[in-house]
Amino acid sequence: MKQNIPMEKILREYRVNKQRISFLENQIRRMTPELDKDYIESKMFARGHSDKTLKLAVVNGEEVAVLNNVEETADNYRLHCENEYREAINCLRNEISRLHNSVYIVEDSLDALGESNEKYRTLLEKYYLQGESMEEIAEILHLSRSRCYELCKKAVQYMEMVVFGT
């Protein structure tokens, strides 16, 4: 039973992972305005930033155009916002990628399992992915509940062999 734990864990987390992927994708959509630039500018305008205004200053006897301190601070804030925003998006995308891998393992292994033993596939799909009780599954498959538990254990072991090669 100990070797079933990794595959069982992956199977048990499948539904939550799918929901989490959907949640994170929605978060990215909400964070991302039409253009990334719009997001950054809206953050800057909320802090009182306006378009850059240059002032003339005398440096070493010559007149040069320089940003005033407010504008320079706003530029630094803009850079900070851009980095913070991109970091947040990358973090969400990395988690989505990790979750997708877990979901794909389950879906691909169930497809492979269905080719060799449809009963195993049905049992695992209904129990782990759809969350049906073993009593309901036993009725559908015309088996006893204890026989369904035995088959489920064997199906997980078989799936683990398919996925991990053990």
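Above this text you will find the structure in question.
In this text the structure is predicted, and so the values were computed from the model without any measurement.

On to the packing of helix α4 (residues 118-129) against helix α5 (residues 134-141), then. Running from N to C, α4 and α5 point in directions that differ by 150 degrees, and their axes come no closer than 10 Å. With respect to their mutual orientation, α4 and α5 come out roughly antiparallel. Both α4 and α5 take part in a crossing whose hand is right-handed. In contact with K119, T122, L123, K126 and Y127 of α4, α5 contributes M134, I137, I140 and L141. A breakdown of the residues in the contact of α4 with α5 according to their chemical character gives six nonpolar, one polar and two charged.

Here we come to the pattern of salt bridges. Counted by the stated rule, this structure contains 10 salt bridges. Among the salt bridges present, the one from K18 reaches E107, with a minimum N-O distance of 3.5 Å. Taken together, the positions of K18 in helix α1 (residues 5-31) and E107 in helix α3 (residues 69-116) put the pair 89 residues apart, joining distant regions of the chain. On the accessibility criterion, K18 (38% relative accessible area) is partly exposed. Its salt-bridge partner being E125, residue R121 comes within 3.2 Å of it at the nearest N-O pair. Here R121 pairs with E125, and both are found in helix α4, just four residues apart, close to one helical turn. On the basis of relative accessible area, R121 is assigned to the buried category, the value being 19%. Sharing partners across several salt bridges, the network here consists of R20, E95 and R98.

Along α5, the positions that sit buried rather than exposed are M134, I137, A138 and L141. Looking straight down α5, one finds that the buried residues subtend no more than 100 degrees of arc, so they occupy a single side. Next to the buried residues of α5 lie α4 and α6 (145-164). In the stretch just after α5, H142 is the one whose phi turns positive, near 60 degrees.

Throughout the structure, instances matching the rule amount to three aromatic pairs. For the ring pair Y120 and Y158, a centre distance of 6.2 Å and an interplane angle of 55 degrees mean the geometry is tilted. Here Y120, found in helix α4, pairs with Y158, found in helix α6; they are 38 residues apart in sequence, far enough to count as distant. Residue class for Y158 comes out partly exposed when judged on its relative accessible area of 31%. Residues Y127 and Y149 carry aromatic rings whose centres are separated by 6.5 Å and whose planes lie at 80 degrees to one another, so their mutual orientation is edge-to-face. Highlighted residues: Y127 in helix α4 and Y149 in helix α6, separated in sequence by 22 residues. Each member of the aromatic cluster is reached from another via a ring pair, and the members are Y127, Y128 and Y149.

What counts as what
- Per chain, residues are indexed from 1 in the order of the written sequence.
- Predicted model: local features are reported for residues with pLDDT of at least 70 only, side-chain atom pairs are reported and counted for 80 or more only, and whole-chain, interface and lining totals are derived from all residues.
- The side-chain values count all of the structure's non-hydrogen atoms but skip hydrogen atoms and water molecules.
- Axis definition: a line fitted to C-alpha atoms, over the contacting stretch in the case of helices. Angles run 0 to 180 degrees between N-to-C directions.
- Elements are defined by DSSP. Helices are runs of H or I of four residues or more, strands are runs of E of two residues or more, and each kind is numbered from the N terminus.
- Throughout this description, any angle smaller than 35 degrees is read as roughly parallel, any larger than 145 degrees as roughly antiparallel, any in the 65 to 115 degree range as roughly perpendicular, and the remainder as oblique.
- Put simply, a crossing is left-handed when the front helix is turned counterclockwise from the back one by less than a right angle, and right-handed when it is turned clockwise.
- Contacts between residues were defined by any pair of non-hydrogen atoms, one from each residue, lying within 4.5 Å.
- Residues are sorted three ways: Asp, Glu, Lys and Arg are charged, Ala, Val, Leu, Ile, Met, Phe, Trp, Tyr, Cys and Pro are nonpolar, and all the rest, Gly among them, are polar.
- Take a side-chain nitrogen of Lys or Arg and a carboxyl oxygen of Asp or Glu: if they are within 4 Å of each other, that pair is a salt bridge.
- Burial classes: relative accessible area under 20% of the type maximum marks a residue as buried, over 50% as exposed, and values in between as partly exposed (1.4 Å probe, protein chains only).
- Note that the arc is defined by the directions from the helix axis to the C-beta atoms.
- Stacked, edge-to-face and tilted labels apply to pairs of Phe, Tyr and Trp rings (six-membered ring for Trp) whose centres lie within 6.5 Å, assigned for plane angles under 30 degrees, over 60, and everything in between, in that order.

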